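Inside the fold
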Amino acid sequence: MTKILSVDDDAIIREMIVDILETKDYEIVSAVNGRAGIEAARQHLPDLIICDVEMPDMNGWAMLEEVRKCKELQETPFIFLTGLNSMQNLRQGMNLGADDYLTKPFTYQELTQAVETRLARHQAVTQKYAEELEDAGKKIENALYYDANTGLPNRKRMKESLLSTLNSSEHQNLSVL
């Protein structure tokens, strides 16, 4: 199940986010400020973070900076959901590495569309890297066991194949006895 961390000091907003996103079958974890949000993020490793900017103890800007420093979280999609609606604030959020910036008041559709878009984009990027990693693994294995010029099995591959065949035939001979 996709896990989303919602960080907002306003209990009504947090509850609204939970109610909206649970209709889409997301698992929601909540935190009351940036410091609690960092702890929750490290503990739960969410698939996406939604965060207010203006909060006590640690604001959203500082939380985003901390998230981007954490190896396990640095690629996690991050959406600001805030009452700060100036272009300057939007730019600041995006320059810090936010993936999206929504302003309050917000609608069901705005929130769910932003979440679904960010999750889909993150999934596409993750899938691309997984495919590239798989291709690289195949190339390494090919380089390890096959001659680059002829494409024929090299000495290492032939030796391992022969040993495997010998081991297999020994087991068969022992089972017959």
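This text follows the structure it describes.
Note that the structure is predicted; figures quoted are calculated from it, not measured.

A few words now on the overall build of the chain. Each helix and strand in the chain was counted, giving six helices and five strands. Along the chain, helices and strands appear, N-terminal first, in the series β-α-β-α-β-α-β-α-β-α-α. Whereas a compact globule of 177 residues would reach a radius of gyration of roughly 16 Å, the chain reaches 25 Å, over 25% beyond that. Referenced to the eigenvectors of the C-alpha coordinate spread, the extents of the chain come out at roughly 75 × 40 × 30 Å. Burial status across the chain gives 34% buried among its 177 residues. Only carbon and sulfur atoms are counted for the fraction: they give 50% of the accessible area of the chain, which is about 11300 Å². Taking the average place of the 19 positive charges on the side chains of the chain and the average place of its 29 negative ones, the gap between the two points comes to 9 Å.

Time to look at the nonpolar core. One finds L5, I49, C51, M63, F78 and F80 to be the most contacted residues of the largest nonpolar core, which totals 23 residues. When contributions to this core are tallied by element, the ones reaching two or more residues are strand 1 (3–7), strand 2 (27–31), helix 2 (34–44), strand 3 (48–51), helix 3 (60–69) and strand 4 (78–82). If one sorts the elements of this core by residue count, helix 3 sits on top with four residues. When residues no more than four places from it in sequence are discounted, the contact partners of C51 are V7, G60, M63, F78, I79, F80 and L81.

Further remarks concern the packing of helix 1 (residues 11–22) against helix 5 (residues 108–145). Where helix 1 meets helix 5, the closest approach of the two axes is 10 Å, and the angle between their N-to-C directions is 65°. In terms of axis orientation, helix 1 runs roughly perpendicular to helix 5. The handedness of the crossing between helix 1 and helix 5 is right-handed. Residues I17, I20 and L21 of helix 1 form the contact with helix 5, whose own contacting residues are Y108, L111, T112 and V115.

We now examine the packing of aromatic side chains. This model, assessed by the stated rule, comprises three aromatic pairs. Summarising the aromatic geometry, the rings of F78 and F80 are spaced 5.1 Å apart at their centres and angled 70° between planes, so their arrangement reads as edge-to-face. Three or more aromatic residues joined by ring pairs make a cluster, and in this case those are W61, F78, F80 and Y101.

The next point concerns the pairing of strand 1. Among the five residues in strand 1, five count as buried, and that is most of the element. Across the two faces of strand 1 the burial is the same, with K3, L5 and V7 and I4 and S6 all buried. With five bridges connecting them, strand 1 and strand 2 associate as parallel partners. Of the residues in strand 2, the one forming a bridge with L5 is V29. Taking the sense of rotation as the criterion, the β-α-β connection linking strand 1, helix 1 and strand 2 turns out right-handed. As paired strands, strand 1 and strand 3 are joined by four bridges and run parallel to one another. Looking across to strand 3, one finds that V7 is bridged to C51.

Criteria and thresholds
- Residues numbered from 1 in each chain as written.
- Predicted model: local features only at pLDDT ≥ 70, side-chain atom pairs only at ≥ 80, totals over all residues.
- Heavy atoms only, no water.
- Helix = DSSP H or I, 4+ residues; strand = E, 2+ residues; numbered from the N terminus.
- Rg over C-alpha atoms; globule rule 2.2 N^0.38 Å.
- Buried < 20%, exposed > 50% of the residue type's maximum accessible area, 1.4 Å probe, protein only.
- Areas by Shrake-Rupley, 256 points an atom, 1.4 Å probe, with all protein chains shown as cover.
- Lys, Arg positive; Asp, Glu negative; His and termini not counted.
- Charge placed at Lys NZ, Arg CZ, Asp CG, Glu CD.
- Core = buried A, V, L, I, M, F, W, Y, C linked by side-chain atoms within 4.5 Å.
- Contact = heavy atoms within 4.5 Å.
- Axes fitted to C-alpha atoms, helices over the stretch in contact; angles between N-to-C directions.
- Parallel < 35°, antiparallel > 145°, perpendicular 65-115°, else oblique.
- Left-handed = near helix turned anticlockwise from the far one by under 90°.
- Phe/Tyr/Trp six-rings, centres within 6.5 Å; stacked < 30°, edge-to-face > 60°.
- Pairing = 2+ DSSP bridges.
- Right-handed = clockwise from strand over helix to strand, strands pointing away.

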